[in-house]
Amino acid sequence: MLENGWRDGPIYVLEILLYDPDGYYETNEPRVEMAKFEYEDIKHFSPGVSAASYYYFADPLYDVDYEEIEDEILVAEMPEEMTQKYWGVKREVCKVSLLVDIDYENAYDVIFGTFKTLKDK
C-alpha cells in the first residue's frame, strides 16, 4: 500500500451502462464494461476518489481506438493527450458484456472471472 492509500498496481473498473445516449455501440442494449487501467505511476494520486473524479475512470473507456487481442478482449495504448488528461493512464484492457447475459448464477464468474482474465493481459 502506498502512502496515499492506493495499491501499487492497475486499477480495475466496472461500469454499468443502462443506455447509450452517445451512440457509442451499434445497439442500445444495457451493458457491463469491465476494464483494467495501467498507470505510469500512481504514487502521485491524491488519497481516495470523490464522486467528482468519476470521469477519470469512465471517460477513458470511450475516446480510444481498441484492438481486439482475443475473445472479445480489447486493448488500447493511450495517446499522450489522454495519458495527461486521465492521471497518467498508459494502457487499458477491457471486455464488454451484455447486462441481460448476467444473472445471479453467473454474475461472480462473469465479473470476477473477467477481471482475473484481464489481470494477465
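Peer 1: Describe in detail the nonpolar core, supporting the description with residues and values.
Peer 2: With 23 residues, the main nonpolar core has Trp6, Ile11, Phe37, Tyr39, Phe45 and Phe57 as its most contacted residues. For this core, the secondary-structure elements that each account for two or more residues are β1 (11-17), β2 (31-39), α1 (55-58) and β5 (89-98). With near-sequence residues (within four places) excluded, tyrosine 39 lies in contact with Ile11, Phe45, Phe57, Tyr86, Trp87, Gly88, Val89 and Lys90.

Peer 1: Tell me about the sheet that holds strand β3 (residues 67-70), and please be specific about residues and values.
Peer 2: Taken together, the five strands give an open sheet; going across it, the order is β1-β2-β5-β4-β3, and neighbouring strands pair in antiparallel fashion. Unpaired on one side and paired on the other, β1 and β3 mark the two borders of the sheet. Direction aside, the axes of adjacent strands within the sheet are offset by 30° on average. Strand direction decides the pairing type here: β2 and β5, joined by nine bridges, are antiparallel. Each residue of the ladder has a partner; that of arginine 31, found in β5, is leucine 98.

Peer 1: Break down helix α3 (residues 107-119) for me, with residues and values.
Peer 2: Residues separated by three or four positions in an α-helix point in the same direction, a consequence of the helix having 3.6 residues per turn. The end-to-end C-alpha separation of α3 is 18 Å, in line with the 18 Å expected for 13 residues at 1.5 Å each. Within α3, burial applies to Ile111, Thr114, Phe115 and Leu118.

Peer 1: Would you mind going over unusual backbone geometry in detail, with residue names and values included?
Peer 2: In this structure, glutamate 72 is a non-glycine residue whose phi angle is positive, near 65°. Among the secondary structure elements, glutamate 72 is positioned in the loop between β3 and β4 (73-77). Of note, tryptophan 87 is a non-glycine position whose phi angle comes to about 60°, a positive value. With respect to the helices and strands, tryptophan 87 occurs in the loop between α2 (80-85) and β5. For tryptophan 87, a relative accessible area of 17% corresponds to the buried category.

Peer 1: Lay out the pattern of salt bridges in plain terms, naming residues and giving numbers.
Peer 2: A full pass over the atoms with the stated rule returns five salt bridges. One salt bridge connects lysine 121 with glutamate 70, and the closest N-O pair in it is separated by 3.0 Å. Residue lysine 121 is located in the segment after α3, and its partner glutamate 70 is located in strand β3; the two are separated by 51 residues in the primary sequence. Its salt-bridge partner being arginine 91, residue glutamate 77 comes within 3.2 Å of it at the nearest N-O pair. With a gap of 14 residues between them, glutamate 77 in strand β4 and arginine 91 in strand β5 connect regions that are remote in the sequence. Each of the salt bridges in this network shares a partner with another, and the network as a whole consists of Lys36, Glu38, Glu77 and Arg91.

Conventions we followed
Residues numbered from 1 in each chain as written. Predicted model: local features only at pLDDT ≥ 70, side-chain atom pairs only at ≥ 80, totals over all residues. Heavy atoms only, no water. Core = buried A, V, L, I, M, F, W, Y, C linked by side-chain atoms within 4.5 Å. Buried < 20%, exposed > 50% of the residue type's maximum accessible area, 1.4 Å probe, protein only. Helix = DSSP H or I, 4+ residues; strand = E, 2+ residues; numbered from the N terminus. Contact = heavy atoms within 4.5 Å. Pairing = 2+ DSSP bridges. Axes fitted to C-alpha atoms, helices over the stretch in contact; angles between N-to-C directions. Expected span 1.5 Å × (residues − 1). Salt bridge = Lys/Arg side-chain N within 4 Å of Asp/Glu carboxyl O.

These results come straight from atomic positions and should not be treated as a statement about function.
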